[in-house]
Amino acid sequence: MFLAANEPHAYLQGDCVECMACSDNTVRAGLTPKFIDVLTLCEMLSYTPAPSSSKIFPALQSPLDPSVFLYDPPVPDFTLMRIEIPSSIKLYLVSALDSASILLVLRGTAVATSTAATSELSLRRGSVLFVSANESLSLRLASPDGMLLFRACCLL
């Protein structure tokens, strides 16, 4: 799903991975004990109706790696990759990119190694890892259920 600037959103249930473009503001609309600036909220919101189906865009499978699915929103700020590593794969290479990225583990466990790391890194649900530009990671999977990762980056 892609929501442009000034479009409200809320998470009511389930898991969500959210990426935001550069922003210097957060205006809360409700469902929080934090300050809600109603006047600013009403002035900034987009009041253009659209069906929910117009906000959803499908992931495209990478032609280079069948485990990678790309969510490429209509902004240049970021791309999100869903990496689904099946249980049949015990060693997986997270490819190097021309930009830095953030890797989030949603399911599974692995031991990661890279030329930039001074030691092995244990990854599990909730682990977040900064990956430098032009750095690849080797994952030795330890989970019988495979792994589910998300990687946020800027494809140059």
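Below or above, wherever it landed, is the structure these notes cover.

Quick notes on the rules
- Residues numbered from 1 in each chain as written.
- Predicted model: local features only at pLDDT ≥ 70, side-chain atom pairs only at ≥ 80, totals over all residues.
- Heavy atoms only, no water.
- Helix = DSSP H or I, 4+ residues; strand = E, 2+ residues; numbered from the N terminus.
- Contact = heavy atoms within 4.5 Å.
- Areas by Shrake-Rupley, 256 points an atom, 1.4 Å probe, with all protein chains shown as cover.
- Lys, Arg positive; Asp, Glu negative; His and termini not counted.
- Charge placed at Lys NZ, Arg CZ, Asp CG, Glu CD.
- 1 Å grid on protein atoms, 1.4 Å probe; cavity = no way out; pocket = protein on both sides within 12 Å on 5 of 7 lines; lining within 4 Å.
- Points joined across faces, edges and corners; volume = space filled by probe spheres on them.
- Nonpolar A, V, L, I, M, F, W, Y, C, P; charged D, E, K, R; others polar.
- Phe/Tyr/Trp six-rings, centres within 6.5 Å; stacked < 30°, edge-to-face > 60°.
- Lys NZ or Arg CZ within 6 Å of the ring centre and 35° of its normal.
- Buried < 20%, exposed > 50% of the residue type's maximum accessible area, 1.4 Å probe, protein only.
- Polar contact = N/O pair within 3.5 Å; in protein donor to acceptor, adjacent residues only side chain to side chain.

Some points on the overall build of the protein
Check the secondary structure of the protein and you find one helix and 10 strands. Along the chain direction, N to C, the helices and strands of the protein fall in the order α-β-β-β-β-β-β-β-β-β-β. Counting contacts in the protein only where the partners sit at least 6 residues apart, residues at least 24 apart contribute 63% of the total. Summing over all exposed atoms, the protein offers an accessible surface of approximately 10300 Å²; the carbon and sulfur share of this is 59%. Of the charged side chains in the protein, 10 are positive and 14 negative; the average position of the first set lies 9 Å away from that of the second.

A short note on the layout of surface pockets
Considered as a void within the structure, the largest pocket measures approximately 1400 Å³ in volume. If you trace the largest pocket, you find 39 residues lining it, with Leu3, Glu7, His9, Glu18 and Met20 closest to the centre. Split into classes, the residues belonging to the lining of the largest pocket amount to 28 nonpolar, seven polar and four charged. At the level of secondary structure, the elements contributing two or more residues to the lining of the second largest pocket comprise strand S2 (68-71), strand S3 (79-85) and strand S4 (91-94). Among the residues making up the lining of the second largest pocket, the classes are represented as nine nonpolar, two polar and two charged.

A look at the packing of aromatic side chains
Enumeration over the complete set of coordinates arrives at one aromatic pair. Aromatic side chains Phe57 and Tyr71 sit 6.3 Å apart centroid to centroid with 75 degrees between the ring planes, which places their arrangement in the edge-to-face category. Remark: Tyr71 occurs in strand S2 and Phe57 occurs in the loop between helix H1 (38-44) and strand S1 (60-61); sequence separation between them is 14 residues. Directly above the ring of Phe69 sits Arg82, whose terminal nitrogen or CZ lies 4.5 Å from the centroid.

Some details on the side chain of Ser114
Mapping Ser114 onto the fold places it in the loop between strand S6 (110-113) and strand S7 (121-123). The buried category is assigned to Ser114, whose relative accessible area is 17%. Polar side-chain contacts of Ser114 include one of 3.2 Å to the backbone nitrogen of Ala116. For Ser114, the side chain forms a polar contact with the side chain of Glu135, separated by 2.7 Å. Sequence-distant contacts of Ser114, defined by excluding residues within four places in its chain, comprise Glu135, Ser136 and Leu137.

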